[in-house]
Amino acid sequence: MHDDVYLSLALPLLARPLAHLIATRVGPRPATILMTVAALALSATSCAALGIVVAAGIAGPADAGPTLATLASRAPGVIGSAVLGAALLATARFIVIRCRALIDAFRHARSLPSTGAVIVTSQPTADAYTVPGAPGRIVVSTGMVAALDEPSLRALVAHEQAHLDGSHYVYATLARLAATANPFVRPLSTAVEYSIERWADEEAATATGDRLAVARAISSAAVAAKHGHAQAEHGIMLGALGSSPSTNLSDAGPIPRRVAALLVPARPTSTTAVGLGTWVIVASLAFSLEAASDLADAFPGLWTALT
C-alpha cells in the first residue's frame, strides 16, 4: 500500500492541535469556516483512504492460495471494510436524525405565534434560542426577559439574530457529520460549536457597540438559566448559552471564556494559523488523490473487479 494512503489515515490525528491553534489564533467567523472545512476534508479523505485499502484488497490476486502471506496481505482490507462499514452506517444514521430534526425545527418555526422575528413565550424559566426555518425565529421566555436589564436583553437578541443571519446551524451540522464519520476529528467539531457562539458574541458586540453589555448578557443569562431546562432539549436550535455541554474547550468552561474574550478587544487573525489550517486541508486532498491515482495505476482492472 502506498504511503499516501497511510498519510491520509494519519492526518486526522492533527485535529486536536489544529483546533486549538485555530480557535486561539483566528477570529471566530474565519475560525468557524476554516475548522468546518478542515473537519469535512479530514473526515472525507480518511474515509476515502479506507475505501482505497478495501479496493486494493478486492483487486488483489484472486487465485492466490490461503497462505499466511496472502492472509496477512488481505488483513488491512478486512479491517478497513469493517471500519468503513461502521463509519458509513453511523453517518447514514446521523443524516437521517439530523434531517428529521431540521424538518421539525422548520415546522416549529412556522407554528410559532406572531409574524415577527422575536417571539416571547410565557415560559417562567429563563431561556433564549433560535429556531432555523424560512424564516428563522428567535424565542425568548418571559423568565429570561425578567432576568435581564434592557441593554443585556438587546445584546442577547443581537446574539440570537447573529445565529440566524449566519446560518450557524449549518456549520454545526457539517462539523458533527464529519465527527460522526471519523471520531478522530471530534476536537474540530467541538471547537466549531464553541467558535459559533464566539462568532455570535462578536456580531452582537458590533451590533450593539457595547462589548461589556454582551458579556454581561451572557453571564446573567447563564445564571438565570442555571436551574432551568438544558439547551440540548431544543435539538437543532442554537442559543446564547451554547448548543450542548460538549462546547467545553478547557477547564474554565465555555461561558467564562466567552465572557473573558469580550472584556478585551477582538483579537486579530493570525495568517500563520490560517495558512497551517489551509495546508492541512490541501494536504489531505492531495494525499487522497495521489493514493487513488497510485491504486488505479497498480490495478488497471480495478473497476472491472469491483463491478
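Predicted model only: the values in this text are computed from it and were never measured.

**Things to note about the nonpolar core**
- With 29 residues, the main nonpolar core has Ile 22, Met 35 and Leu 188 as its most contacted residues.
- Within the residue set of this core, elements represented by two or more residues are helix H2 (15-25), helix H3 (28-58), helix H7 (168-181), helix H8 (186-208) and helix H11 (271-298).
- The dominant element in this core, judged by the number of residues it contributes, is H3, at seven residues.
- Apart from residues lying up to four places away in sequence, Leu 188 is in contact with Ala 15, Leu 18, Ala 19, Met 35, Ala 38, Ala 39 and Leu 42.
- Residues Ala 155, Ala 215, Ala 217 and Ile 255 belong to the second largest nonpolar core, which totals 11 residues.

**Notes on the environment of Ala 273**
- The residue Ala 273 is located in helix H11 in this model.
- For Ala 273, a relative accessible area of 1% gives the class buried.
- Taking the C-alpha atoms as reference, Ala 273 lies 5.9 Å from Ile 22; in sequence the two are 251 residues apart.
- Ignoring any residue separated from it by four or fewer positions in sequence, one finds Ala 273 in contact with Leu 21, Ile 22, Arg 25, Val 26 and Leu 34.

**Description of the sheet that holds strand E1 (residues 118-121)**
- Read across the sheet, three strands follow the order E1-E3-E2 without closing on themselves; strand pairing throughout is mixed. Strands at the two margins of the open sheet, each flanked by one partner only, are E1 and strand E2 (128-131). Averaged over all pairs of adjacent strands, the angle between strand axes in this sheet comes to 25°, irrespective of strand direction.
- Pairing between E2 and strand E3 (residues 137-141): four bridges, direction antiparallel.

**Regarding the packing of helix H6 (residues 150-165) against helix H9 (residues 211-224)**
- Where H6 meets H9, the axes come as close as 8 Å, and the angle between the chain directions of the two elements is 90°. On the basis of the axis angle, H6 is roughly perpendicular to H9. Along its contact with H6, which presents Pro 151, Ser 152, Ala 155 and Leu 156, the element H9 presents Ala 213, Val 214, Arg 216, Ala 217 and Ala 221.
- Considering only residue class, the contact of H6 with H9 consists of seven nonpolar, one polar and one charged.

Conventions used here
Residues numbered from 1 in each chain as written. Predicted model: local features only at pLDDT ≥ 70, side-chain atom pairs only at ≥ 80, totals over all residues. Heavy atoms only, no water. Core = buried A, V, L, I, M, F, W, Y, C linked by side-chain atoms within 4.5 Å. Buried < 20%, exposed > 50% of the residue type's maximum accessible area, 1.4 Å probe, protein only. Helix = DSSP H or I, 4+ residues; strand = E, 2+ residues; numbered from the N terminus. Contact = heavy atoms within 4.5 Å. Pairing = 2+ DSSP bridges. Axes fitted to C-alpha atoms, helices over the stretch in contact; angles between N-to-C directions. Parallel < 35°, antiparallel > 145°, perpendicular 65-115°, else oblique. Nonpolar A, V, L, I, M, F, W, Y, C, P; charged D, E, K, R; others polar.

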